[in-house]
There are 4 protein chains.
Amino acid sequence: MDQFSNGDIFIGEIIGTAVLILFGAGVCAAVTLTRSKAKAAGWVVIAFGWGFGVLAGAYTAGPLSGGHLNPAVTLGIAVDTGHWDKVPVYVAGQLVGAVLGAVLCWLAYYAQFAANAEAENAQPTLGIFSTVPEVRSPVANLLTEVIATMGLVLPVLAFGLTKGLGQSGTQTLMVSFVVVGIGLSLGGPTGYAINPARDLGPRIAHAVLPIPNKGTSDWGYSWIPVAGPLIGAALSGLIFNAAY
Amino acid sequence: MDQFSNGDIFIGEIIGTAVLILFGAGVCAAVTLTRSKAKAAGWVVIAFGWGFGVLAGAYTAGPLSGGHLNPAVTLGIAVDTGHWDKVPVYVAGQLVGAVLGAVLCWLAYYAQFAANAEAENAQPTLGIFSTVPEVRSPVANLLTEVIATMGLVLPVLAFGLTKGLGQSGTQTLMVSFVVVGIGLSLGGPTGYAINPARDLGPRIAHAVLPIPNKGTSDWGYSWIPVAGPLIGAALSGLIFNAAY
Amino acid sequence: MDQFSNGDIFIGEIIGTAVLILFGAGVCAAVTLTRSKAKAAGWVVIAFGWGFGVLAGAYTAGPLSGGHLNPAVTLGIAVDTGHWDKVPVYVAGQLVGAVLGAVLCWLAYYAQFAANAEAENAQPTLGIFSTVPEVRSPVANLLTEVIATMGLVLPVLAFGLTKGLGQSGTQTLMVSFVVVGIGLSLGGPTGYAINPARDLGPRIAHAVLPIPNKGTSDWGYSWIPVAGPLIGAALSGLIFNAAY
Amino acid sequence: MDQFSNGDIFIGEIIGTAVLILFGAGVCAAVTLTRSKAKAAGWVVIAFGWGFGVLAGAYTAGPLSGGHLNPAVTLGIAVDTGHWDKVPVYVAGQLVGAVLGAVLCWLAYYAQFAANAEAENAQPTLGIFSTVPEVRSPVANLLTEVIATMGLVLPVLAFGLTKGLGQSGTQTLMVSFVVVGIGLSLGGPTGYAINPARDLGPRIAHAVLPIPNKGTSDWGYSWIPVAGPLIGAALSGLIFNAAY
């Protein structure tokens, strides 16, 4: 991470994570909200939407910060490389970018949020911004997030992507498809945060944005999609250092 | 853009944009018209159809013009590089190609257009050619197109694709998947023009082609899918020049 | 084409085309036949199944013949390069391979063909092997096949794939996604043969295999998916030679 | 295979196969179990989930073992290269990894397995772990597995992937899409084991894990998804040695 300046890292992670969340929250809005053309388009749409959000975001952040977009990726790389100096700048940029991306999603779907609020069967809107478990069970939910995050961070470390996800075309593409796979395969129980910024940033946005009839921001659950991915990333770094 | 001759640019953009619109309008015909095997095949089909249209079109135009296929891409590259000479040739080729592609789609689905016109629940056909918003709201629709276009042009500029989308295999593939992602994630409100030629060219074709029972060409909306993408592209160019 | 020996070409095209048809007819069996896990899985499954059949087949044939797998690709390359010597060997291998692939598909789905024959709503089986138009109209059907084939052969020629589809990893992948796109976008009217061997070989297999309750082999339609792709390929070669 | 140490091979195949089965069994859990967000999401989800599991697993195992993840791949490579020394280490790692991956899937979906056991229409759980044929017919089922495995091993050998699936980015991606294609096209009859470890390891896990209301482990069928892929791999190696 040391080849990027602090300023470039901060700006790059803001832009890249904003793009990621714009796509990711966007696809959840697309399939959830009334009067969206993709209403109820199914799980395959969600998984590919998030995966290609990683592609677009990592691609965009690449020249400035390498494109981590995710504190779990940053932590895994730090455990692997032993370089911790830039971690706070990465994480700060990721959180700011995640809030910004959620705001952009809300603006892009402004008319749909309004239509949803007025619909008879108005959907709660938190699931567009942050993850909501299907069965509420802290231990099981945490475990799911730990395991799903290892499915992301282990491959990233195994191929030596210690700069980030957005510096080699083919590998950026591969990481994006791995993220699609995690969504398809491991998203069922908790909606796969696998990224603390991806969950916390949009939850902050959800809490403060003037969305009509928006429902709860569910802060009681919010620690799990932060703690689970960080534990999974740390475990991945330790396994990687031991085995490779 | 300067390494291509005006003649090659014009021909290349005509052929490439025609292929893009043939695939893109084609997939909308495939899921809309009666007696099509892909009738009602869902949003995932539309998003991948358009994305692989970008792949095929950029791939085809690559050797002649680099493959812009989109005045918003051309504008973003011009703002970035400061080279404006060839912009009119690119845009002229893109518009001619978009009309041509729409005509080819109509020919490929000739029997389906006829069957649709005679069906009891005949669908309006404009949505096959041009975008139609789900909620009609000029400000919200414009904002959606601005944001969605930034999701295309920022990644394109960030990786230095200043020649076009069709000159490096891996990057052409990545841009195509980004376009799939934009469709999945940001297509819900307006049907994602993100390309003035993609909307205006087929709208002209829709207005003049002898399609039976075709319904309105909705010229009142037509300025939004032109203005929105151009604003989004200009903003992307300015952000890119400031941040990178 | 001249760097491959006649023997290698013949064997390579047999193996590669057999793999293509095994996947392609296989996916049609998968979504059509009763007691298949993918029964009624939708158009997106068909389009990706055929596209990845091109990937697997071209990949397999690559070292021996370059991987054409399609008389329309062979014709387009011959018109482009002016080398016609090997055309008969390519086409012979493609036809033999297409028959062989259809037989392998029948063996892989043996129990499902039997279950289908005994089902109350037994499906006609020709659509698993060969294309069947939704609206029977020789002129419109031919036009659809001409246009759809140009969507394949023009990109192939534009990137100089004059050896075949299976010699560069990234380009093989791109061609496969272009084929997925053709299926999604242009498959609605006729089921997109875009390959004379892909239609004629399996039709021969359908006519001779002892499939119970198999229905007609519809020889009256069989000239269209042969003539249409050949016309489209020849036009693509002429356009390419004029414009590039 | 000779460039990797026995220790690295064993560890690499354990990690990589565990990732493969975590994704693969995971996607089957995702679409099968009650209270999963991807419940009933369809065949396309299953095929892409398994394919991207190959991508993630091969990618992760690559630096340690090349990434075979499958005794059929190991056998095909051994028949091709004539190097048999490391085969037992590869296969041992694959089996251990497959059991481990199934346990991780069970942990990730712990709350869903519990909810399924209590549901009125509780689904049998074996199909999450191992393959179950739609029509029970040893000869037909074996033939399907032989043919489907040849669709994997022939392309792998044809491109000289004699180290494994995880050493070249583009080729790892291509093999993953070939596996998606096999699922879409040839998974209908038996659920496509095409990998003895993928079926046997999770079946062992299913037999011993304390899953409530889990149903039979169906050992009577278990030899077919072992024998079929091995026969298919041996045939592929022989064809390859004869034809290439």
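The preceding data block contains the structure.
Small disclaimer: the values here were computed from a predicted structure and weren't measured.

### A short note on the interface of chain D and chain C
The interface of chain D with chain C comprises 37 residues on the first partner and 37 residues on the second. Here chain D packs against chain C, burying approximately 3,200 Å² in sum over the two surfaces, 77% of which is carbon and sulfur. When the buried area of chain D at its contact with chain C is split by residue, F159(D), M174(D) and S185(D) rank highest and sum to 18% of it. Taken together, the links from chain D to chain C amount to 1 salt bridge. A salt bridge links K37(C) to E134(D), with the shortest nitrogen-to-oxygen separation between them at 3.2 Å. On the surface where chain D and chain C come into contact, there are 9 residue pairs in polar contact (both at pLDDT 80 or more). Considering every element that reaches the side of chain D that touches chain C, the biggest residue donor is helix α8 (residues 169–186) of chain D, with 13 residues. For the side of chain D that touches chain C, the per-class residue count stands at 26 nonpolar, 10 polar and 1 charged.

### Structural notes on the interface of chain C and chain B
Each side of the interface is counted separately: chain C has 37 residues, and chain B has 37 residues. Both faces combined, the contact of chain C with chain B buries some 3,200 Å², and carbon together with sulfur accounts for 77% of it. Linking chain C with chain B are 1 salt bridge, by the criterion used here. In this assembly, chain C and chain B are joined by 9 residue pairs in polar contact (both at pLDDT 80 or more). Elements that contribute at least two residues to the side of chain C that touches chain B include exactly α2 (43–65), α7 (138–158), α8 (169–186) and α10 (224–243) of chain C. In terms of residue count, the dominant contributor to the side of chain C that touches chain B is α8(C) (13 residues). Looking at the side of chain C that touches chain B, its residues break down into 26 nonpolar, 10 polar and 1 charged.

### As for the side chain of S36(B)
Inspection of the secondary structure puts S36(B) in the loop between α1 (6–32) and α2 (43–65). Judged by relative accessible area, S36(B) falls into the buried class, the value being 6%. Apart from the residues within four sequence positions on either side, S36(B) is in contact with A29(B), A30(B), Y109(B), Q112(B), E134(C) and G188(C).

Cut-offs used in this document
Residues numbered from 1 in each chain as written. Chains lettered and ligands numbered in written order. Predicted model: local features only at pLDDT ≥ 70, side-chain atom pairs only at ≥ 80, totals over all residues. Heavy atoms only, no water. Contact = heavy atoms within 4.5 Å. Buried area = accessible area lost by both parts, 1.4 Å probe. Salt bridge = Lys/Arg side-chain N within 4 Å of Asp/Glu carboxyl O. Polar contact = N/O pair within 3.5 Å; in protein donor to acceptor, adjacent residues only side chain to side chain. Helix = DSSP H or I, 4+ residues; strand = E, 2+ residues; numbered from the N terminus. Nonpolar A, V, L, I, M, F, W, Y, C, P; charged D, E, K, R; others polar. Buried < 20%, exposed > 50% of the residue type's maximum accessible area, 1.4 Å probe, protein only.

On their own, these measurements won't tell you what the molecule is for.
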